[in-house]
Amino acid sequence: MGIFDRFRRRSSTGPASSGLTRLPRSHGPSGLRARLEGAMAKRRLRGWNPPLENINALVASGGPRLLARSRELVVTNGYAANACEAFAANLVGDGIKPSSLIGDADLRDRVQQLWLAWTDEADADGLTDFYGLQAMVAREMFVAGECFVRLRPRRAEDGLLVPLQLQLLQSEMLPFEKTETAANGNRIRCGIEFDAIGRRVAYHFRRRHPGDSTDQGAVIPETVSVPAADVLHIYRPIDAGQIRGLPHIAPAMVRLFLLDQYDDAELDRKKTAAMFAGFITKTAPEEPMMGEAEADLDGAAIASLEPGTMQVLLPGEDVKFSSPADVGGGYEAFQYRTLLAVSASLGLPYHLVTGDVRQAYYSSLRAELVELRRRIGQLQHGVIAHQLCRPIWARWLETAQLAGRLDLPDPAAARMVQWIPPRWDWVDPLKDIQAQVLAMEAGITSRRKVVEATGYDIEEVDRENAADAARATGLGLRYRTSPGETRGARATPATRAEPGNGAGNDTDDGAAATDPATEQE
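Residues numbered from 1 in each chain as written. Predicted model: local features only at pLDDT ≥ 70, side-chain atom pairs only at ≥ 80, totals over all residues. Heavy atoms only, no water.

### Concerning the overall build of the protein
(1) Moving on: Scanning the protein for helices and strands turns up 16 helices and 16 strands.
(2) Moving on: Out of the 521 residues belonging to the protein, those deemed buried represent 32%.
(3) Moving on: Of the contacts formed within the protein by residues at least 6 apart in sequence, a portion of 64% connects residues at least 24 apart.
(4) Moving on: With an accessible surface of roughly 32,800 Å², the protein has 55% of that area assigned to carbon and sulfur atoms. (Helix = DSSP H or I, 4+ residues; strand = E, 2+ residues; numbered from the N terminus. Buried < 20%, exposed > 50% of the residue type's maximum accessible area, 1.4 Å probe, protein only. Contact = heavy atoms within 4.5 Å. Areas by Shrake-Rupley, 256 points an atom, 1.4 Å probe, with all protein chains shown as cover.)

### As for the pattern of salt bridges
When the charged atoms of two side chains lie near each other, side chains of opposite charge can form a pair.
(1) Moving on: One pass over the structure, following the stated rule, counts 19 salt bridges.
(2) Moving on: As a salt-bridge pair, aspartate 215 and arginine 208 come within 3.7 Å of each other at their nearest N and O atoms. (Salt bridge = Lys/Arg side-chain N within 4 Å of Asp/Glu carboxyl O.)

### Topic: the packing of helix H4 (residues 55-76) against helix H5 (residues 78-91)
(1) Moving on: Orientation of H4 relative to H5, taken along the N-to-C sense of each, is 95 degrees, at an axis distance of 5 Å. Of the possible angle classes, the one that applies to H4 and H5 is roughly perpendicular. Residues Leu73, Val74 and Thr76 of H4 lie in contact with H5, whose contacting residues are Gly78, Ala80, Ala81 and Cys84.
(2) Moving on: Its residues assigned to classes, the contact of H4 with H5 shows 5 nonpolar, 2 polar and no charged. (Axes fitted to C-alpha atoms, helices over the stretch in contact; angles between N-to-C directions. Parallel < 35°, antiparallel > 145°, perpendicular 65-115°, else oblique. Nonpolar A, V, L, I, M, F, W, Y, C, P; charged D, E, K, R; others polar.)

### A word on unusual backbone geometry
(1) Moving on: Despite not being glycine, cysteine 190 has its phi angle at roughly 55 degrees, a positive value.
(2) Moving on: Within the secondary structure layout, cysteine 190 lies in the loop between strand E5 (187-189) and strand E6 (192-194).

### Some remarks on a nonpolar patch on the surface
(1) Moving on: Side chains of Val254, Phe257 and Leu258 sit close together on the surface and give an oily, nonpolar patch of about 300 Å² of accessible area.
(2) Moving on: Turning to its location among the elements, phenylalanine 257 is positioned in helix H8 (residues 253-274). (Patch = residues over 30% accessible without salt bridge, like charges linked within 9 Å, V, L, I, M, F, W, Y side chains within 5 Å.)

### A short note on the packing of aromatic side chains
(1) Moving on: By the definition in use, this model includes 17 aromatic pairs.
(2) Moving on: Consider the rings of tryptophan 115 and tryptophan 396, whose centres lie 5.2 Å apart with planes at 90 degrees: the pair is edge-to-face. With tryptophan 115 in helix H6 (residues 105-118) and tryptophan 396 in helix H11 (residues 362-402), this pair connects stretches of sequence that are 281 residues apart. In terms of burial, tryptophan 115 and tryptophan 396 fall into one category: buried.
(3) Moving on: On the basis of an interplanar angle of 65 degrees and a centroid distance of 5.9 Å, the ring pair of phenylalanine 148 and tyrosine 203 is categorised as edge-to-face. Separated by 55 residues along the polypeptide, phenylalanine 148 in strand E2 (residues 146-153) and tyrosine 203 in strand E7 (residues 200-206) bring together distant segments of the chain. (Phe/Tyr/Trp six-rings, centres within 6.5 Å; stacked < 30°, edge-to-face > 60°.)

### Quick word on the nonpolar core
(1) Moving on: Ranked by internal contacts, the top residues of the largest apolar core, which has 61 residues, are Trp118 and Trp396.
(2) Moving on: In terms of residue count, the dominant contributor to this core is H11 (14 residues).
(3) Moving on: With residues up to four places along the chain from it excluded, the contact list for tryptophan 396 reads Val111, Leu114, Trp115, Trp118, Val162, Leu164 and Leu406.
(4) Moving on: Counting 13 residues, the second-largest nonpolar core is a separate cluster that includes Phe148, Met173, Ile192 and Val231. (Core = buried A, V, L, I, M, F, W, Y, C linked by side-chain atoms within 4.5 Å.)

### Comments concerning the confidence of the model for the protein
(1) Moving on: Chain-level statistics for the protein give a pLDDT mean of 81 and a share of 75% at 70 or above.
(2) Moving on: Considering only residues more than four positions removed or in separate chains, one finds that residues 488-497, a stretch of pLDDT under 50, has 30 contacts.
(3) Moving on: Low confidence marks residues 502-521, where pLDDT is under 50. Its contacts with residues over four positions away, or in another chain, come to 32 contacts. (pLDDT = per-residue confidence, 0-100.)

### Some thoughts on the sheet that holds E6
(1) Moving on: Overall, antiparallel pairing links the 5 strands, which are arranged E4-E5-E6-E7-E8 in an open sheet. At either end of the open sheet lies a strand with only one pairing partner, and these are strand E4 (180-181) and strand E8 (223-227). (Pairing = 2+ DSSP bridges.)

Structure, rendered in structure tokens:
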């Protein structure tokens, strides 16, 4: 008898004879779901029955109110305003800048110089430059979750270097409630028109902002259709198939609003309590006290105190000084935990939201910044560079060539560009620079990547170094580390031979006094 026969035999005698407990069978997927804690419908979770809705349905129904509340919070709440500025500063900083990958050095320089000159004319409103528009887009992503950029071609007589400008449109300009079928059979969903295969073909913008009461004019059609080729929709897609953005501040809105109300009530309570210095009780209310004013309509009188006053009380009179209740020892801990939850909801470090660095240490700050930079890096490359910078660069090159500003033999190759985000400032820059130099010496990384990590173009840095070296040589200057000179992470100061030593031995004594070249450290 084999082992399998014995197993069959033990199974046939039932669980009682074998000492095993038979588990209940789960019939189909429903039996499996019943054992998942999140899918249970017992007492604790009986009231938790969220509807199974797509994110587009949620945005269409609650988008306008969510947008109005988020804008009010950023304007009136200090923590929300500070978090918005921190988000924009870390996302774009002073600008995500292009570094053209054109092989021809002369053509590449002309493209970079023309782009730099055009950035000052990029704003259709004339209020900022191209990198300032990036910061405005970042703020709109925090507040509204999305921003629209309309590419506006200009006439030659407008006097622009490249006849192209950018116009920013807020989320309110595209109505959430406009969901219908167009006359051509296309579907319009939340103001965006899609063709039969799901491509965006047009945006139906309002002609005026719905909340701007100062823009009064003639009666015109409410919306206008703008081709999708002239509109950039900048937003972070959270779910597959999402067509409109959600405010970045959305997960923290309720906590921020309630915390603001709590702080305001606590402040008003302390203010009211501080107005009463004391309370006087008398057996004969008709007899006035020293310094007592006349009673008001309610029969209450106020007595003032002056420095050095010695008040004699009559029999039966008493003075009780006000001792308002303090906020308590748990106020600080409650505020800290609440703001910590707000910071986690926003995906920002606690000290960036609150400005409180009392409990911050070098290791904790560095750990927070490393995680923040991973998240910000996703938005920089996946949203700002891909949705905003890349199509603007392509349209700008095309417009510059049509206007005769550039002669591009291969327009497709000219589109190759690398977008360099702003540099990250570390807590201890000395250690990080030494680590970068050691990495270059070991061949782990390249000098190009190290320079680009600082937010600069390596070719521009090399040209500046060459110009500085030529200028220093022409003036007879020599620095401790000359531009372009290769030195290690633990470099020592340069030494020169004293005149008259013959063999040219290196020494530091008297070098600055006897050498005609001036050494500056």
